[in-house]
Amino acid sequence: MPVYQSEALILRTYKLGEADSIVVFLTRDRGKKRGVAKGARGRRSRYTGALEPMTRGDVAYYEREQRDLVRLNFIEPTRSPLSAASGEALGYVGYFAELIDEWAPEAHADERLYRLGSSVVDAIAAGAPVELLARYFEYWLLRLQGVYPSIRQCPGCGGGLNEGASMPQQDAVLVCRNCAPGTAGTRLSAEAMLFLKSATSVAPDNLSTLVLTPRSARELETAHRRLITVHLDKDLKSARVLREMRQAR
Ligand SMILES: [Zn+2]
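From a predicted model like this one, the values you see are computed outputs, not experimental measurements.

### Re the environment of His108
Stage number 1. Looking at where His108 falls in the secondary structure, it is placed in the loop between helix 1 (87-103) and helix 2 (111-125).
Stage number 2. Residues His108 and Gly31, 77 residues apart in the sequence, show an inter-C-alpha distance of 4.4 Å.
Stage number 3. Setting aside anything within four residues of it in sequence, one finds His108 in contact with Arg30, Gly31 and Lys32.

Quick look at the structure:
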């Protein structure tokens, strides 16, 4: 049985039998894997504290021929989102993990996606404003998957989008105000467009240079949710939980 060792991000776990867990994790070098963690739910589990979503660590696993499930040998956490100070940030951790899980191809390396996820863990641990981080993460995730519409040029007239843009109800593109008069569709203000343009060139450890007003944050959340729903063909469970949490406040 070949043994592999890699840096990885934990995405989620589910129960297997009485005491074991199946762990879904994204490796840096060999894509997404599902592995059996023996005794993970036992009282003296060596995985305690290592299986929270968005934990980064060193992972060793065996691959078995003709089987999709690998067998975990160990997970040594190196960075945990639990070190984040705010409870609000922890609420988002499941959302980030679910998004990566949905987009990561099975057993196919995607180093850029891994790096994005990994830098998000660092940003959470460093106490980055989590709503800004969420909009930034969605933008980059959708961009890496090639599904973010152009933020520079209106496909209707070729004009710029600096003054604001609109995503028509029927189409996941951004058009200028002249091509989409009226209030139909999802509108993005000039500030929201500026955020996207700045996010293109700002690294995740430098998020404090970005400006996101509460209004732009709402606009982008709505637009991103539409893009995610169109491309995954479903609404994410964790996104629903986040909205309910906010309404309950
Ligand atoms: Zn136009």
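### Concerning the coordination of the zinc ion
Stage number 1. Here the zinc ion is held by Cys154 (SG), Cys157 (SG), Cys176 (SG) and Cys179 (SG), and the distances to it run 2.2 to 2.4 Å.
Stage number 2. Geometry at the zinc ion is tetrahedral, judged from its four donor atoms and the angles of 103 to 116 degrees they form at the metal.
Stage number 3. Expressed as a motif, the donor residue spacing for the zinc ion is C-x2-C-x18-C-x2-C.
Stage number 4. By relative accessible area, which is 2% here, Cys154 ends up buried.

### Describing the environment of Glu111
Stage number 1. As for its position among the elements, Glu111 is in helix 2.
Stage number 2. Judged by relative accessible area, Glu111 falls into the partly exposed class, the value being 36%.
Stage number 3. Taking the C-alpha atoms as reference points, Glu111 and Gly31, 80 residues apart in sequence, are found 8.1 Å from one another.

### Observations regarding helix 4 (residues 190-201)
Stage number 1. Taking 1.5 Å per residue as the helical rise, helix 4 with its twelve residues ought to reach 16 Å, and the 18 Å between its terminal C-alpha atoms agrees with that figure.
Stage number 2. Among the residues making up helix 4, those that are buried are Ala192, Met193, Phe195, Leu196, Lys197 and Ala199.

### A few points about the nonpolar core
Stage number 1. Among the nonpolar cores identified, the biggest contains 63 residues, and Tyr95, Phe96, Ile100 and Leu196 are the most heavily contacted of them.
Stage number 2. It is helix 3 (residues 130-144) that provides the largest number of residues to this core, a total of eleven residues.
Stage number 3. Each residue touching Leu196, except ones within four places of it in the same chain, is listed here: Tyr139, Tyr148, Ile151, Leu188, Leu220 and His224.
Stage number 4. Within the second largest apolar cluster, 14 residues are counted, among which are Tyr47, Ala50, Val59 and Tyr61.

### Some remarks on the sheet that holds strand 5 (residues 69-79)
Stage number 1. Judged by pairing direction, the barrel is mixed, and its five strands sit side by side in the order 1-2-3-5-4 before closing back on the first. The average angle at which neighbouring strand axes cross in this sheet is 50 degrees, direction not considered.
Stage number 2. When strand 1 (residues 3-16) meets strand 2 (residues 20-27), the two strands line up antiparallel, connected through eight bridges. Note on strand 2: the bridge partner recorded for Ala8 is Thr27.
Stage number 3. Of the strands in this sheet, strand 1, strand 2 and strand 3 (31-37) touch helix 1, which is tilted by about 110 degrees from strand 1.
Stage number 4. Contacts from helix 2 reach strand 1, strand 2, strand 4 (56-62) and strand 5, with the element oriented near 70 degrees to strand 1.

### Some words on the pairing of strand 5
Stage number 1. By the bridge criterion, three bridges tie strand 3 to strand 5 in an arrangement that is parallel. Pairing of Val36 across the sheet is with Arg71, part of strand 5.
Stage number 2. Bridging between strand 4 and strand 5 involves seven bridges; their strand directions are antiparallel. Among the inter-strand pairings, Tyr62 is bridged to a residue of strand 5, identified as Arg71.
Stage number 3. Linking strand 4 to strand 5, which pair antiparallel, is a turn of six residues; within it Gln66 sits at a positive phi near 65 degrees.

### Observations regarding the side chain of Glu219
Stage number 1. As for its placement among the helices and strands, Glu219 is situated in helix 5 (residues 214-232).
Stage number 2. Looking at Glu219, the relative accessible area reads 13%, which means it is buried.

Criteria and thresholds
- Residues numbered from 1 in each chain as written.
- Predicted model: local features only at pLDDT ≥ 70, side-chain atom pairs only at ≥ 80, totals over all residues.
- Heavy atoms only, no water.
- Helix = DSSP H or I, 4+ residues; strand = E, 2+ residues; numbered from the N terminus.
- Contact = heavy atoms within 4.5 Å.
- Donors = N, O, S within 2.8 Å, 3.2 Å for Na, K, Ca; no water.
- Tetrahedral: all angles 85-135°; square planar, octahedral: opposite > 155°, others 65-115°.
- Buried < 20%, exposed > 50% of the residue type's maximum accessible area, 1.4 Å probe, protein only.
- Expected span 1.5 Å × (residues − 1).
- Core = buried A, V, L, I, M, F, W, Y, C linked by side-chain atoms within 4.5 Å.
- Pairing = 2+ DSSP bridges.
- Axes fitted to C-alpha atoms, helices over the stretch in contact; angles between N-to-C directions.

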